[in-house]
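Each chain, letter by letter, is given below.
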Amino acid sequence: MNEQIIARNWLALIAPKAAPALATSTVLILARMWNANGAEHSIGNAVLMTVLSLAAGTAGVCASIGRAGDPVIAGTAFAASGGLALAGVAGYADGTSLPLLLWVLTTAVAYGLAARYWRDDRRTRVAYERHVSDRREERDHIERVETIRGTTQIEVARTGAVYAEQLAQALVTRATLPGFDPRALETAGLPGLPAAGTFQE
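Residues numbered from 1 in each chain as written. Predicted model: local features only at pLDDT ≥ 70, side-chain atom pairs only at ≥ 80, totals over all residues. Heavy atoms only, no water.

**Some remarks on the overall build of the chain**
And then number 1: Scanning the chain for helices and strands turns up five helices and zero strands.
And then number 2: Going residue by residue from the N terminus, the α and β elements of the chain occur as α-α-α-α-α.
And then number 3: The buried share of the chain, taken over its 201 residues, is 14%.
And then number 4: Of the contacts made within the chain by residues no fewer than 6 positions apart, 67% connect residues no fewer than 24 positions apart. (Helix = DSSP H or I, 4+ residues; strand = E, 2+ residues; numbered from the N terminus. Buried < 20%, exposed > 50% of the residue type's maximum accessible area, 1.4 Å probe, protein only. Contact = heavy atoms within 4.5 Å.)

This is how it looks when you write it as structure tokens:
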């Protein structure tokens, strides 16, 4: 059986692994640009980012403990809350050490959360591949058994046809011998021969 070979692009393989670092780095870079454009020590901007971060965190809590809790919505809300908190601190602080420290912590937390989903995805993929492999082996086994059975039936039919032809030829040859008595065959329980002249067309 020919199996389809799918060659994935190297960019498609590393993009999910680099996404958390790219996201937190983008937030840090934009927050530092915001800091350079007047957000440093701005109380109004700090209050705004704090309120937005708390609102996103509250939305994540509500989504995770709700009756119809959706882990995707909760994870998105918590990620937005962390990103807003990082942006607020990076935009308000005057130095770069605290924003870099928060960037490292946020990136580590993002990778910790992503690793859980990557692990679940890998388990699901391995289970699916194992299931597909088992089904393929079962189908190949059934196909081999049916092939052997069909070949055996063909051979049996061919052997039976050859035997019947040889038997008919032997009976015809025997009937032409002098002193052959067809009644002796019937007495022995063998099928009777056709009437004389039947074998000649």
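Past the structure itself, the notes keep going.
**What to know about the pattern of salt bridges**
And then number 1: Summed over all chains, the structure comprises three salt bridges.
And then number 2: Here Asp121 makes a salt bridge to Arg125, at a shortest N to O gap of 3.6 Å. In this pair, Asp121 and Arg125 are both assigned in helix H4 (residues 97-175), four residues apart and thus about one turn of the helix distant.
And then number 3: Relative accessible area serves as the criterion here: at 40%, Arg125 is assigned to the partly exposed category. (Salt bridge = Lys/Arg side-chain N within 4 Å of Asp/Glu carboxyl O.)

**Considering the environment of Thr50**
And then number 1: Within the fold, Thr50 resides in helix H2 (residues 43-65).
And then number 2: Distance in space between the C-alpha atoms of Thr50 and Ser81 is 9.2 Å, their sequence separation being 31 residues.

**Some words on the packing of aromatic side chains**
For any two aromatic rings, the description comes down to two numbers: the centre-to-centre distance and the angle of the planes.
And then number 1: For the structure shown, the criterion picks out one aromatic pair.
And then number 2: Taken together, a centroid distance of 6.1 Å and an interplanar angle of 65° make the contact between Tyr111 and Trp118 edge-to-face.
And then number 3: A relative accessible area of 28% means that Tyr111 is categorised as partly exposed.
And then number 4: Under the relative-accessibility criterion, Trp118 is labelled partly exposed at 23%. (Phe/Tyr/Trp six-rings, centres within 6.5 Å; stacked < 30°, edge-to-face > 60°.)

**What about helix H3 (residues 71-92)?**
Helical geometry note: an α-helix holds 3.6 residues per turn, so side chains three or four residues apart project in the same direction.
And then number 1: Taking 1.5 Å of rise per residue, 22 residues should cover 32 Å, and H3 covers 31 Å from first to last C-alpha, within 8% of that figure.
And then number 2: Turning to H3, its buried residues number three or more, namely Ala74, Ala77, Ser81, Gly83, Leu86, Ala87, Gly88, Ala90 and Gly91. (Expected span 1.5 Å × (residues − 1).)

**Description of the layout of surface pockets**
And then number 1: Within this model, the largest pocket holds a volume of roughly 740 Å³.
And then number 2: Taken together, 26 residues form the lining of the largest pocket, with Gly75, Phe78, Ala79, Ala110 and Leu113 sitting closest to its centre.
And then number 3: For the lining of the largest pocket, the elements supplying multiple residues, two or more each, are helix H1 (10-39), H3 and H4.
And then number 4: Among the residues forming the lining of the largest pocket, the class breakdown is 19 nonpolar, six polar and one charged. (1 Å grid on protein atoms, 1.4 Å probe; cavity = no way out; pocket = protein on both sides within 12 Å on 5 of 7 lines; lining within 4 Å. Points joined across faces, edges and corners; volume = space filled by probe spheres on them. Nonpolar A, V, L, I, M, F, W, Y, C, P; charged D, E, K, R; others polar.)

**Quick notes on the nonpolar core**
And then number 1: Residues Leu28, Ala31, Met49, Ala87 and Ala90 constitute the largest nonpolar core, which totals five residues.
And then number 2: Within the residue set of this core, elements represented by two or more residues are H1 and H3.
And then number 3: Apart from the residues within four sequence positions on either side, Ala87 is in contact with Val27, Ala31, Trp34 and Met49. (Core = buried A, V, L, I, M, F, W, Y, C linked by side-chain atoms within 4.5 Å.)

**Points about the environment of Thr106**
And then number 1: You can see Thr106 is positioned in helix H4.
And then number 2: For Thr106, a relative accessible area of 22% gives the class partly exposed.
And then number 3: Thr106 has contacts with Thr24 and Leu86, leaving out every residue within four places of it along the chain.

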